[in-house]
Amino acid sequence: MGQLLLFVVVALVVAAIVFGVTVMVSGGDPGLTPVEPDGKSLPLPSDRPLGEEDVFRTRFDTAFRGYRMSQVDQALQRAAYDIGYKGELIGVLEAEVAALREGRTADADVLRRAREAAIAPPPEPVVVVPDVTPPDDKPAPAAPAAAEPAAGEKAPARPAGDEEPAESR
């Protein structure tokens, strides 16, 4: 019985070695293939401060071996930023309350205005649209002639290569 058990163990070891060498030589192991997202992700909102419900509702796409790391990293960075922002806001509010309790209304008013300015939504960007007019058949007006310098003043220097033609001198 002992010899039979030894024979089975040796046969299994030899088979494993032969299989390993065959896979290495043939390159038949494709490795892990990328898995497509399942499309069930629900990211954190980016247009307002986070709330408790936002964190509970957050979902990530699952992959072959867990969640998508990029989605998790982005959510953690957003949560860390929001926690830091709220911590600073709490500090300003505590300083404002302390100033009011001590009777420093001017300091409390400055802190209140700073807090309200930080919470207010950013102003809408102003878009400047250039005036586009159709070209006229009229020639463009000539540039005004440079005024002669007064007595005792130096004439403005001209950039190199910007000389007057010889006929106008």
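Counting restarts for each chain, with residues numbered from 1 along the sequence as it is written. Selection of residues for local features in this predicted model requires a pLDDT of at least 70, selection of side-chain atom pairs for listing and counting requires 80 or more, and totals for whole chains, interfaces and linings are taken over all residues. Only hydrogens and water are removed before side-chain values are computed, so all heavy atoms of the structure are retained for them.

K.L.:
What is the right way to read the overall build of the protein chain from this model?
P.N.:
Within the protein chain, the secondary structure is distributed over 4 helices and 2 strands. The helix and strand sequence of the protein chain, counted from the amino end, reads α-α-β-β-α-α. Exposure classes here rest on a 1.4 Å probe applied to the protein chains alone. A residue is buried below 20% of its type maximum, exposed above 50%, and partly exposed in between. For the protein chain, the residues scored as buried account for 8% of the 169 residues in total. Accessible surface, the protein chain as shown: approximately 15,200 Å² in total, 64% of it carbon and sulfur. Each helix is a run of DSSP H or I of at least 4 residues and each strand a run of E of at least 2, with the numbering of both proceeding from the N terminus. Throughout, the Shrake-Rupley method with a 1.4 Å probe supplies accessible areas, and for residues the shown protein chains are the sole cover considered.

K.L.:
I would appreciate a short explanation of the packing of aromatic side chains in the present structure.
P.N.:
Working definition: an aromatic ring pair is given by the centre-to-centre distance plus the angle between the planes. In this scheme Phe, Tyr and Trp rings, the latter by its six-membered ring, pair at centre separations within 6.5 Å, and the angle between planes marks the pair as stacked below 30 degrees, edge-to-face above 60, and tilted otherwise. All chains considered together, the criterion is met by 1 aromatic pair. A centroid spacing of 5.8 Å and a plane angle of 65° characterise the contact between Phe60 and Tyr67, whose relative ring orientation is edge-to-face. A relative accessible area of 55% means that Tyr67 is categorised as exposed.

K.L.:
Please clarify how the pattern of salt bridges should be interpreted in this entry.
P.N.:
Pairs can form between side chains of opposite charge once their charged atoms are near each other. Salt bridges are counted wherever a side-chain nitrogen of Lys or Arg sits within 4 Å of a carboxyl oxygen of Asp or Glu. Across all of its chains, the model carries 9 salt bridges by this definition. A salt bridge links Lys86 to Asp82, with the nearest nitrogen and oxygen atoms 3.6 Å apart. Linking Lys86 with Asp82, this pair stays in helix H3 (residues 69-101), spanning 4 residues, or about one helical turn. You can call Lys86 partly exposed: its relative accessible area is 33%. The buried category is assigned to Asp82, whose relative accessible area is 5%. Where Glu96 meets Arg115, a salt bridge forms, and the shortest distance between an N and an O atom there is 3.0 Å. Placement of the pair is Glu96 in helix H3 and Arg115 in helix H4 (residues 105-119), with a sequence separation of 19 residues. As far as the burial class goes, Glu96 and Arg115 line up, both buried.

K.L.:
In this structure, what is going on with a nonpolar patch on the surface? I would like to understand it.
P.N.:
Where nonpolar side chains cluster on the molecular surface, the patch consists of Leu5, Val9, Val13, Ile17, Val21, Met24 and Val25 and spans about 740 Å² of accessible area. Within the element layout of this structure, Val21 appears in helix H1 (residues 2-26). Look at Val21 and you get partly exposed, because its relative accessible area is 46%. The residues that make up patches have over 30% relative accessible area and no salt bridge, and they are joined within 9 Å when like-charged or within 5 Å when they are Val, Leu, Ile, Met, Phe, Trp or Tyr.

K.L.:
Explanation requested: the packing of H3 against H4 in the structure shown.
P.N.:
Packed helices, taken two at a time, are described by the angle between their axes plus the distance between the axes. Axes here refer to lines fitted to C-alpha atoms; in helices the fit is confined to the stretch in contact. Angles between the N-to-C directions go from 0 to 180 degrees. Contact geometry for H3 and H4: axes closest at 8 Å, N-to-C directions at 155°. One element, H3, and the other, H4, form an angle in the roughly antiparallel class. The crossing of H3 and H4 is left-handed. Counted together, Tyr85, Leu89, Val92, Leu93, Ala95, Glu96, Ala99 and Leu100 of H3 and Asp107, Ala108, Leu111, Arg112, Arg115, Ala118 and Ile119 of H4 form the full contact between these two elements. Under the scheme applied, nonpolar residues are Ala, Val, Leu, Ile, Met, Phe, Trp, Tyr, Cys and Pro; charged residues are Asp, Glu, Lys and Arg; polar residues are all the others, including Gly. Its residues placed into classes, the contact of H3 with H4 shows 11 nonpolar, no polar and 4 charged. Angle categories are assigned with fixed cut-offs, so that under 35 degrees is roughly parallel, over 145 is roughly antiparallel, 65 to 115 is roughly perpendicular, and the rest are oblique. By definition, any crossing whose near helix is turned counterclockwise from its far helix by less than a right angle is left-handed, and any crossing with a clockwise turn is right-handed. Residue contacts follow a heavy-atom distance rule, with two residues in contact if any of their heavy atoms lie within 4.5 Å.

K.L.:
It is not clear to me how H1 should be interpreted in this structure. Could you clarify?
P.N.:
In an α-helix there are 3.6 residues to a turn, and that puts residues three or four apart on one side. Here H1 is 25 residues long and its end C-alpha atoms lie 36 Å apart, about the 36 Å a rise of 1.5 Å per residue gives. Looking one or two residues beyond H1, the residue adopting positive phi is Gly27, at roughly 65°. By this rule the span expected of a helix is its residue count minus one, scaled by 1.5 Å.

K.L.:
Please clarify how the side chain of Thr58 should be interpreted in this entry.
P.N.:
In this structure, Thr58 sits in the loop between helix H2 (52-57) and strand S1 (62-63). Distance and chemistry together define a polar contact, namely a pair of N or O atoms within 3.5 Å, with one atom able to donate a hydrogen and the other to accept it when in protein, and with adjacent residues in sequence counting only for side-chain atoms on both sides. Within the structure, Thr58 has its side chain in polar contact with the backbone oxygen of Asp54 (distance 2.7 Å). Other than its neighbours up to four places away in sequence, Thr58 contacts Leu42 and Leu44.

K.L.:
What exactly am I supposed to notice about the side chain of Asp54 here?
P.N.:
Relative to the assigned elements, Asp54 resides in helix H2. What makes Asp54 buried here is its relative accessible area of 6%. Only 2.9 Å separates the side chain of Asp54 from the backbone nitrogen of Gly51, close enough to count as a polar contact. Dropping the residues within four chain positions of it, Asp54 is found in contact with Leu44, Pro45, Arg48 and Pro49.

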